[in-house]
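# Chain and residue survey
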Amino acid sequence: MPLVAGIDSSTQSCKVVVRDAETGALVRQSRAPHPEGTEVDPRAWWDALRAAVAEAGGLADVAAVAVGGQQHGMVCLDEAGQVVRPALLWNDTRSADAARELIEEAGGGEAGRRFWADATGAVPVASFTATKLRWLARHEPANADRVAAVCLPHDWLTWRLAGAPGLAALRTDRGDASGTGYWSPRTGEYRLDLLERAFGRRLRVPVVLGPAETAGHLDPAALGTGAAGPVLLGPGTGDNAAAALGAGAGPGDVVVSIGTSGTVFAVADTPAADPSGAVAGFADATGRFLPLVCTLNAARVLDAAATLLGVDLATLSELALAAPPGAGGLVLVPYLEGERTPDRPTATGALHGLTLGTSTPAHLARAAVEGMLCALADGLDALTAQGARADRIILVGGGARSAAVRRIAPQVFGRPVVVPPPGEYVADGAARQAAWVALGGAAPPAWSVGDTEEYATEPVPAIRARYAEARERVVDRLPE
Ligand SMILES: Nc1ncnc2c1ncn2[C@@H]1O[C@H](COP(=O)(O)OP(=O)(O)O)[C@@H](O)[C@H]1O
Ligand SMILES: O=C(CO)[C@@H](O)[C@H](O)COP(=O)(O)O
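Note that the structure is a prediction, hence the values are computed from the model and not measured.

## A few points about the UniProt feature "site: Important for activity" (unreviewed entry) in the chain
- Cross-referencing UniProt, the feature "site: Important for activity" (unreviewed entry) maps to D8 in the present numbering.
- Its location among the elements puts D8 in strand β1 (residues 3-9).
- Among residues more than four places away in sequence, those in contact with D8 are S13, C14, K15, G68, D239, V426 and A427.
- Of the polar contacts made by the side chain of D8, one reaches the backbone nitrogen of S10; its length is 3.3 Å.

Quick look at the structure:
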């Protein structure tokens, strides 16, 4: 039985799974941490990837490997292929002014937003690569002058796995290209005119591969493992497109992923173009589309609440479940990193409704879980308003390991949620793509995700009503 590997280079860590290509059975897995921060030297991802691959027993026995990665991160390379500066990540908000400028320059207001939504499927926010390029051109002209090529985290890691064979060998896929702000999911073409508009000149960009095309071969020397059989490289994709593939999302499914980011997305047959900017009209990893809403504040809201209370995540979950639905009126608006949806890059978190009665650890724990889920419920509304069906909501990501999240989600979303077995669905999706590349065929192999659990607690609409009042009252960061 051929084996395949999937790699998830996401915000907090690098995860590797090795699976049977035909059945999808898990053979081995590992992970290695990433550095903190919203700007990271890509070489730290490479070190984590090498460490995780080594811990997973290497890749010498796999037929193919593919990389899923955090989307949007700006990796700038010079003519010699060297990294020019640390990558700005999807959750780095310093290019918020650049996003506003790009909308203004396209006509401003509704017209400017519509221009970008029609051209690239999404309205620029600080997350997107194009706005980061504008920031670099304005704030670091010397670095900007050295840039010869721009690519995304997964593109760069795939290229390193190939032995970094020159800038012409950079490859990406539709899913990740659609998060740059200079590629059109509707036409399947780059908009290098928009890259030039953002950066001031054109740059080399990776070739966009089809869903099961190969990006070349693994260079065994890259991993320091010596000679091996030829290992195919898949095109890889953005982590959300990979999660859709790994969780087996199909028509009518909405995936809610609670990782560092909170994402709500569906697999669609037609491209989305939402001029409000709430829904980003990305492409998926199978040739279809992936309308997606993303929040900057998800699993780390729970981490922060646990830190505030001085408890571990299991205790936080127990505490949250010990408080009443609605937390007695205590609301946490969770904009701890600013926010992207809604577009409030300098907003801060806020706690509303403190009384003597709600000043307990349990109420705070519950408010944290509810606030984080309310922001995602707003995303779910935006997605369905764009025509997505939500017959089934699939909850994945590190935050889905919390019993409180699983139980409170149906109360907030107003519908049942299904939770697949705890797993690394981004890495699994990358592995499934690698299996598709290795085995060929018109579609990825049919792997089972295992038994899902359904959570169907009664909806409690008052939670969102109270949150909606509080959401409008956040204050921005103090100027630095
Ligand atoms: N049992 C749990 N309860 C709540 N959060 C959890 C639990 N297990 C892991 N997490 C959180 O999940 C997050 C990591 O999720 P993951 O999906 O791997 O993120 P990313 O892909 O963005 O790196 C961390 O913030 C971690 O604290
Ligand atoms: O910016 C987005 C999607 O548009 C994020 O979803 C990133 O892709 C990071 O993902 P995680 O590391 O949270 O999985």
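Next comes the rest of the write-up.
## Thoughts on the site of ligand 2
- Taken together, 15 residues surround ligand 2, and among them T11, H72, D239, S261 and R340 come closest.
- Here an oxygen atom of ligand 2 and a backbone polar atom of T260 are 3.4 Å apart.
- Contact with the protein chains hides 95% of the accessible area of ligand 2, taken as 380 Å² for the molecule alone.
- Broken down by secondary-structure element, the contributors of at least two residues to the shell around ligand 2 are α9 (239-246) and β18 (289-295).
- Residues belonging to the shell around ligand 2 are distributed by class as follows: four nonpolar, nine polar and two charged.
- Domain assignment of the residues forming the shell around ligand 2 places at least three in each of domain 1 (3-240) and domain 2 (248-415 + 450-479).

## Topic: the domain arrangement of the chain
- Once the domains are mapped, the chain shows domain 1 (3-240) and domain 2 (248-415 + 450-479).
- Carbon and sulfur atoms supply 56% of the area that domain 1 and domain 2 bury against each other, a total of about 2,400 Å² over both sides.
- Considering only the side of domain 1, the residues that lose the most area to domain 2 are W90, R174 and N240, jointly responsible for 24% of the buried surface there.
- Across the domain 1-domain 2 interface, the total number found is two salt bridges.
- Among the ionic pairs, E36 bridges to R300, the shortest N-O distance being 3.5 Å.
- Put simply, domain 1 and domain 2 have eight residue pairs in polar contact (both at pLDDT 80 or more) between them.
- Looking at the side of domain 1 that touches domain 2, the elements that each hand over two or more residues are α2 (96-105), α3 (109-120) and α7 (174-177).
- Per-element tally for the side of domain 1 that touches domain 2: the top contributor is α3, with six residues.
- Its residues assigned to classes, the side of domain 1 that touches domain 2 shows 10 nonpolar, 15 polar and nine charged.

## A few points about the site of ligand 1
- What surrounds ligand 1 is a group of 16 residues, the closest being S10, K15, T260, D303 and G398.
- At 2.5 Å from an oxygen atom of ligand 1 is found a side-chain nitrogen or oxygen belonging to K15.
- D303 is positioned such that a nitrogen or oxygen atom in its side chain is 2.6 Å from an oxygen atom of ligand 1.
- Bound to the protein, ligand 1 loses 80% of the 580 Å² it would expose on its own.
- Mapped by element, the contributors of at least two residues to the shell around ligand 1 are β2 (13-20) and α10 (299-309).
- It is α10 that contributes the most residues to the shell around ligand 1, three residues altogether.

## Some details on unusual backbone geometry
- Cis geometry marks the peptide bond from T341 to P342, where omega comes out at 5°.
- Within the chain, H72 stands out as a residue other than glycine whose phi angle is a positive 75°.
- For H72, the location among the structural elements is in the loop between β5 (62-69) and β6 (75-77).
- Despite not being glycine, A164 shows a phi value in the positive range, around 50°.

## Thoughts on the pattern of salt bridges
- In this structure the tally under the stated criterion is 31 salt bridges.
- Two residues, R134 and E101, come together in a salt bridge whose shortest N-O distance is 2.6 Å. Taken together, the residues span a long stretch of sequence, with R134 in helix α4 (residues 129-139) and E101 in helix α2 at a distance of 33 residues.
- Its relative accessible area of 3% is what places R134 among the buried residues.
- With a closest N to O distance of 2.9 Å, R134 and E105 form a salt bridge. Highlighted residues: R134 in helix α4 and E105 in helix α2, separated in sequence by 29 residues.
- Residue classification places E105 among the partly exposed residues on the basis of a relative accessible area of 43%.
- Linked by salt bridges that have partners in common, D8, K15, R31, R401 and E424 make up one network.

## Structural notes on helix α11 (residues 313-322)
- Considered for burial, the residues of α11 that qualify are L316, S317, L319 and A320. Seen along its axis, α11 keeps its buried residues to an arc of 165°; they face one direction. Turned more than 90 degrees away from the buried face of α11 sit E318 and A322, all of them exposed.
- In this structure, the buried residues of α11 make contact with α10, α12 (361-385) and α13 (403-413).

## What about the packing of aromatic side chains?
- As enumerated under the stated definition, the model contains three aromatic pairs in all.
- When the ring centre of W135 is taken as reference, the NZ or CZ atom of R94 above it lies at 5.0 Å.
- R174 extends its terminal NZ or CZ atom over the ring of F289, reaching a point 5.3 Å from the ring centre.

Cut-offs applied
- Residues numbered from 1 in each chain as written.
- Chains lettered and ligands numbered in written order.
- Predicted model: local features only at pLDDT ≥ 70, side-chain atom pairs only at ≥ 80, totals over all residues.
- Heavy atoms only, no water.
- UniProt positions renumbered as here; feature names shortened; annotations may be inferred.
- Helix = DSSP H or I, 4+ residues; strand = E, 2+ residues; numbered from the N terminus.
- Contact = heavy atoms within 4.5 Å.
- Polar contact = N/O pair within 3.5 Å; in protein donor to acceptor, adjacent residues only side chain to side chain.
- Near = heavy atom within 4 Å.
- Areas by Shrake-Rupley, 256 points an atom, 1.4 Å probe, with all protein chains shown as cover.
- Nonpolar A, V, L, I, M, F, W, Y, C, P; charged D, E, K, R; others polar.
- Domains from an automatic or database assignment.
- Buried area = accessible area lost by both parts, 1.4 Å probe.
- Salt bridge = Lys/Arg side-chain N within 4 Å of Asp/Glu carboxyl O.
- Buried < 20%, exposed > 50% of the residue type's maximum accessible area, 1.4 Å probe, protein only.
- Arc of directions from axis to C-beta.
- Phe/Tyr/Trp six-rings, centres within 6.5 Å; stacked < 30°, edge-to-face > 60°.
- Lys NZ or Arg CZ within 6 Å of the ring centre and 35° of its normal.

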